[in-house]
Number of protein chains: 2
Amino acid sequence: MTGDPCIPAPVLRGFLAAALVSGGLPEGDAATVARLMVEADLLGAEGHGTFRLPRYMARLRAGGFNTLPDIRPVAQKGGLALLDGDNAMGHLVMERAAHLAVDLARSHGIGWVGTRRSNHAGAAGVYATMVAEAGMAGLYLAVGNANHMAPWGGTELLLSTNPIAIALPAPGHPVLLDMATTVAAYGKVKLAAQRGQQMPEGWMIDASGNPLTDPAQAAGGSLLPIGGPKGFGLSLMFGLLAGTLNGAAFGRDVIDFNADDRTETNTGQAVLALDLSVLGDPAVLAAQVGAVCDDIRASALRPGFDAIRLPGDRSLGGREDRLARGIPLSPALLAQLDQLAAEQGIAPLNRS
Amino acid sequence: MTGDPCIPAPVLRGFLAAALVSGGLPEGDAATVARLMVEADLLGAEGHGTFRLPRYMARLRAGGFNTLPDIRPVAQKGGLALLDGDNAMGHLVMERAAHLAVDLARSHGIGWVGTRRSNHAGAAGVYATMVAEAGMAGLYLAVGNANHMAPWGGTELLLSTNPIAIALPAPGHPVLLDMATTVAAYGKVKLAAQRGQQMPEGWMIDASGNPLTDPAQAAGGSLLPIGGPKGFGLSLMFGLLAGTLNGAAFGRDVIDFNADDRTETNTGQAVLALDLSVLGDPAVLAAQVGAVCDDIRASALRPGFDAIRLPGDRSLGGREDRLARGIPLSPALLAQLDQLAAEQGIAPLNRS
């Protein structure tokens, strides 16, 4: 929010890493998770970055993560592999999965890595962008870590926000779509609750199908899918692809990691990498992607809009600015971080 | 529609094939296209089946299709290939692409085939289902064949309905999602126009952003994406993946194949196949997919709904019924087919 204190990314990384080490994570892994959490903040995916630290710390303290995991491929043929996360923090599993997908694509033209026994990995866009930064087309799917959506026509919360991220190399920064299949991600509901704000109509409904706007009542309601049955269909198919096919949880067996810090979540994800050099000269393809995007950005505006923004223009396009000016953290989150630092006996976050 | 004459699938296939042969297509190719057009009708994708024959015939007569194409891979590495359709009818290109993706997946665990110089291929779900019928997970993306959507915040029609289809093997019939990234596919707008029906609010807006409900005025308006900027983002990314990366048209260079029967459309598509046997026992995985789906179908209903329908329940679930009872064709379409038969000098469609 405007006026919130801005914390330089390196300061934030150092604090997050120290907190994670105090929770039992080895230093190298803590640095990796901290880096990827701050990467979510730098993309403006604030519901998936530092905001999640208290939850991760509670799970670390409860023994819900394996802090000495053996993350390993358990199946592979050609460009397709299945990674067992051994209940590690999801960031560690997904960084490994994204790198493996890129490696497989270098050898086989295309790589697809599914994960099981993973955990919440933060912002989807971070992993699709990793693939694009390697010069490839990247796609990421995940089963969300708590069921907040009913099937279309139903009332039981059997589905999550199951997100998709797609990133393509382009001049300047990749084109990056990162979206929940629901109108609003649940992280936004939590942010609204933390800030004492109401939600707009269209984000959630109650069990009778009426609009739900008080985030404090969110636990009893359902997020709404984009496009009604279409968004329900996307959430279902992404969940089957990222969860069920990988032997990971989906549907009724999804663990609500906000309510249960101990039970293994068996989270599933999938990441795809396409080696563009098979299809053409990667620099030419990136330039063509950029040209299509620029043409759309420069096209005529509809009354009431000040710009046509493409996926990634706000997130990756704003990353340099957030790197320079720091990451804004709300007073409520800063208070949580101070309390956490005191509990863990680590130095508080320096906001000078 | 209820009460429309129902034509048995074999009768319809025979008529379509004869029409296509009269337009210059070799008999084998005509039979293939006819079969895949009827397959769209059997899935209930009526805007993509027989309904399209008059348009295809106009393009055949104008020389807009290559009737003796050399459809061939122009690039391949491991599981990734690029197919040049040589301006063949799109059904021929896409059937070849789907089979190639399955073959690649058998050898490399995963197959992705992009197409360029293809054409409108009918229903997306037909090709994803082909992959699922081979026991694999299938995904299909395409650039739509006419731009009917403005970017989010813009007014120029630079985007199409760019669809996605995903099919997964399951007991009974595959789970099959087949959806445009717009609230309504343009085929539905055309059907409404043909039937003299108004469109509901939410399908289209005019250039000022006001609701547009008269399908006769559709040419001046924009389809609306699902979820606002999210559906715009999906349409954009699917178009870049299926079009731009394959060297196919996307954006301003898309040819409106409803308005121009001669210019090569250079349509792009992409199809993915994942060999499930790499991830586990395919029969067990299909059973697990089925179990998740059955659990959702059996869950509590929201007031106002009579069932929870999963993707594919209406299309593939209704296929047997349409095979048995025939395919309903509207009086307006039947009149078009009669006129076309007279013009081409072929036997009219037998509806006895």
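Rules used throughout
Residues numbered from 1 in each chain as written. Chains lettered and ligands numbered in written order. Predicted model: local features only at pLDDT ≥ 70, side-chain atom pairs only at ≥ 80, totals over all residues. Heavy atoms only, no water. Salt bridge = Lys/Arg side-chain N within 4 Å of Asp/Glu carboxyl O. Helix = DSSP H or I, 4+ residues; strand = E, 2+ residues; numbered from the N terminus. Buried < 20%, exposed > 50% of the residue type's maximum accessible area, 1.4 Å probe, protein only. Pairing = 2+ DSSP bridges. Axes fitted to C-alpha atoms, helices over the stretch in contact; angles between N-to-C directions. Parallel < 35°, antiparallel > 145°, perpendicular 65-115°, else oblique. Left-handed = near helix turned anticlockwise from the far one by under 90°. Contact = heavy atoms within 4.5 Å. Nonpolar A, V, L, I, M, F, W, Y, C, P; charged D, E, K, R; others polar. Buried area = accessible area lost by both parts, 1.4 Å probe. Polar contact = N/O pair within 3.5 Å; in protein donor to acceptor, adjacent residues only side chain to side chain. Least-squares fit on C-alpha atoms with pLDDT ≥ 70 in both. Expected span 1.5 Å × (residues − 1). Arc of directions from axis to C-beta. Right-handed = clockwise from strand over helix to strand, strands pointing away.

**Remarks on the pattern of salt bridges**
Should the charged atoms of two oppositely charged side chains come close, the side chains can pair.
Logical step 1: Enumeration according to the criterion identifies 30 salt bridges over all chains in this entry.
Logical step 2: When the shortest N-O distance is used, the salt bridge between Glu46(A) and Arg195(A) registers 3.6 Å. Of the two residues, Glu46(A) sits in the loop between helix 2 (27–42) and helix 3 (53–61) while Arg195(A) sits in helix 6 (residues 186–195), which places them 149 residues apart along the sequence.
Logical step 3: Take Glu46(A): its relative accessible area is 32%, and that puts it in the partly exposed class.
Logical step 4: Residue Asp294(B) is joined to Arg297(B) by a salt bridge in which the shortest nitrogen-to-oxygen separation is 2.8 Å. Linking Asp294(B) with Arg297(B), this pair stays in helix 8 (residues 282–297), spanning three residues, or about one helical turn.
Logical step 5: Members of the salt-bridge network, linked through shared partners, are Asp84(A), Asp86(A), Arg117(A) and Glu264(A).

**Focus on the sheet that holds strand 8 (residues 204–205) of chain A**
Residues and elements named next belong to chain A.
Logical step 1: A sheet is described by the order of its strands in space; here three strands give the open sequence 9-8-10, paired in antiparallel fashion. Strand pairing shows two members of the sheet lacking a second neighbour, strand 9 (211–212) and strand 10 (222–223), which therefore form its edges.
Logical step 2: The pairing of strand 8 with strand 10 spans two bridges and is antiparallel. Of the residues in strand 10, the one forming a bridge with Ile205 is Ser222.

**Looking at the packing of helix 1 (residues 9–22) of chain A against helix 3 of chain A**
Residue and element names in this part refer to chain A.
Logical step 1: Remark: helix 1 packs on helix 3, axes separated minimally by 9 Å, with the N-to-C direction vectors making an angle of 20°. Between helix 1 and helix 3, the interaxial angle falls into the category roughly parallel. The two elements helix 1 and helix 3 meet at a crossing, and its hand is right-handed. Listed contacts from helix 3 to Phe15, Leu16, Ala19, Leu20 and Ser22 of helix 1 are Leu53, Met57 and Leu60.
Logical step 2: Partitioned by chemical class, the residues of the contact of helix 1 with helix 3 number seven nonpolar, one polar and no charged.

**As for the interface of chain B and chain A**
Logical step 1: Counting from both sides, the interface comprises 76 residues of chain B and, opposite them, 76 residues of chain A.
Logical step 2: Buried area between chain B and chain A, both sides added, is near 6,500 Å², and the carbon and sulfur share of it is 75%.
Logical step 3: Counting across the interface, chain B meets chain A through two salt bridges.
Logical step 4: Counting across the interface, chain B meets chain A through 18 residue pairs in polar contact (both at pLDDT 80 or more).
Logical step 5: Residue contributions to the side of chain B that touches chain A peak at nine residues, all from helix 7 (residues 229–242) of chain B.

**Some words on the relation of the copies chain B and chain A**
Logical step 1: The operation relating chain B to chain A is a screw motion whose rotation component is 180°, with 0.0 Å of axial translation and a residual RMSD of 0.0 Å. Taken together, the rotation and translation relating the two chain copies correspond to the operation of a two-fold axis.
Logical step 2: A shared binding surface is used by both copies, with 100% of the interface residues of chain B retained as interface residues in chain A.

**Brief notes about the side chain of His120(A)**
Residue and element names in this part refer to chain A.
Logical step 1: Among the structural elements, His120 can be located in the loop between strand 4 (110–118) and helix 5 (124–133).
Logical step 2: At 2.6 Å, the side chain of His120 and the side chain of Tyr56 are in polar contact.
Logical step 3: At 3.4 Å, the side chain of His120 forms a polar contact with the backbone nitrogen of Gly122.
Logical step 4: Apart from the residues within four sequence positions on either side, His120 is in contact with His48, Arg52, Tyr56, Gly90, His91, Asn145, Phe257 and Thr267.

**A few points about helix 10 (residues 331–344) of chain B**
Residues and elements named next belong to chain B.
Logical step 1: An ideal rise of 1.5 Å per residue puts 20 Å on 14 residues; helix 10 measures up with 20 Å between its terminal C-alpha atoms.
Logical step 2: By the burial criterion, the buried members of helix 10 are Leu333, Leu334, Leu337, Leu340, Ala341 and Gln344. The arc enclosing the buried residues of helix 10, seen along the axis, measures out at 120°, which places them on a common side. Seen from the open side of helix 10, the exposed residues pointing more than 90 degrees away from its buried face are Pro331, Gln339 and Ala342.
Logical step 3: On its buried face, helix 10 sits against helix 1 (9–22), helix 3 (53–61) and helix 6 (186–195).
Logical step 4: Phi turns positive one or two residues past the end of helix 10, at Gly345, with a value near 70°.

**Details of the packing of helix 2 of chain A against helix 5 of chain A**
Residue and element names in this part refer to chain A.
Logical step 1: Viewed as axis vectors pointing N to C, helix 2 and helix 5 meet at an angle of 100°, and their least axial separation amounts to 9 Å. In terms of their interaxial angle, helix 2 and helix 5 are classed as roughly perpendicular. Of the residues in helix 5, those touching helix 2 at Leu36, Glu39 and Ala40 are Val126, Tyr127 and Met130.
Logical step 2: The class makeup of the residues in the contact of helix 2 with helix 5 is five nonpolar, no polar and one charged.

**Digging into helix 2 (residues 27–42) of chain B**
All names here are of chain B.
Logical step 1: The terminal C-alpha atoms of helix 2 lie 22 Å apart, and with 16 residues this matches the ideal 22 Å at 1.5 Å per residue to within 8%.
Logical step 2: Looking at helix 2, one finds that the buried residues are Ala30, Thr32, Val33, Ala34, Leu36, Met37, Val38, Glu39, Ala40, Asp41 and Leu42.
Logical step 3: Looking at the buried positions of helix 2, the neighbouring elements they touch are helix 1, helix 3, helix 4 (90–108), helix 5 (124–133), helix 9 (319–325) and strand 12 (327–328).
Logical step 4: One or two positions beyond helix 2, positive phi appears at Gly44, with a value near 80°.

**Some points on the sheet that holds strand 8 (residues 204–205) of chain B**
The strands that make up a sheet pair up through hydrogen bonds in the backbone, lying either parallel or antiparallel.
All names here are of chain B.
Logical step 1: As summarised here, the arrangement of the three strands in space is 9-8-10, forming an open sheet in which the pairing is antiparallel. Both edges of this open sheet fall to strand 9 (211–212) and strand 10 (222–223), since each of them pairs with a single strand only.
Logical step 2: Summarising the sheet, strand 8 and strand 9 pair through two bridges and their orientation is antiparallel. Paired with Ile205 across the two strands is Pro211, which belongs to strand 9.

**Quick notes on the pairing of strand 3 (residues 80–84) of chain A**
Put simply, side chains in a regular strand alternate between the two faces of the sheet.
Residue and element names in this part refer to chain A.
Logical step 1: Within strand 3, five of the five residues are buried, which leaves the element mostly enclosed by the surrounding structure.
Logical step 2: Going residue by residue along strand 3, you find Leu80, Leu82 and Asp84 tucked away on one face and Ala81 and Leu83 tucked away on the opposite face as well.
Logical step 3: In this sheet, strand 3 lies alongside strand 2 (residues 72–77) in antiparallel orientation, the contact comprising five bridges. Bridge pairing in strand 3 places Ala75 opposite Leu82.
Logical step 4: Note: strand 3 against strand 4, five bridges, orientation parallel. Following the sheet pairing, Asp84 is matched in strand 4 by Arg116.
Logical step 5: Taken together, strand 3, helix 4 (residues 90–108) and strand 4 form a β-α-β motif whose crossover is right-handed.

These values are about where atoms sit, not about what they do.
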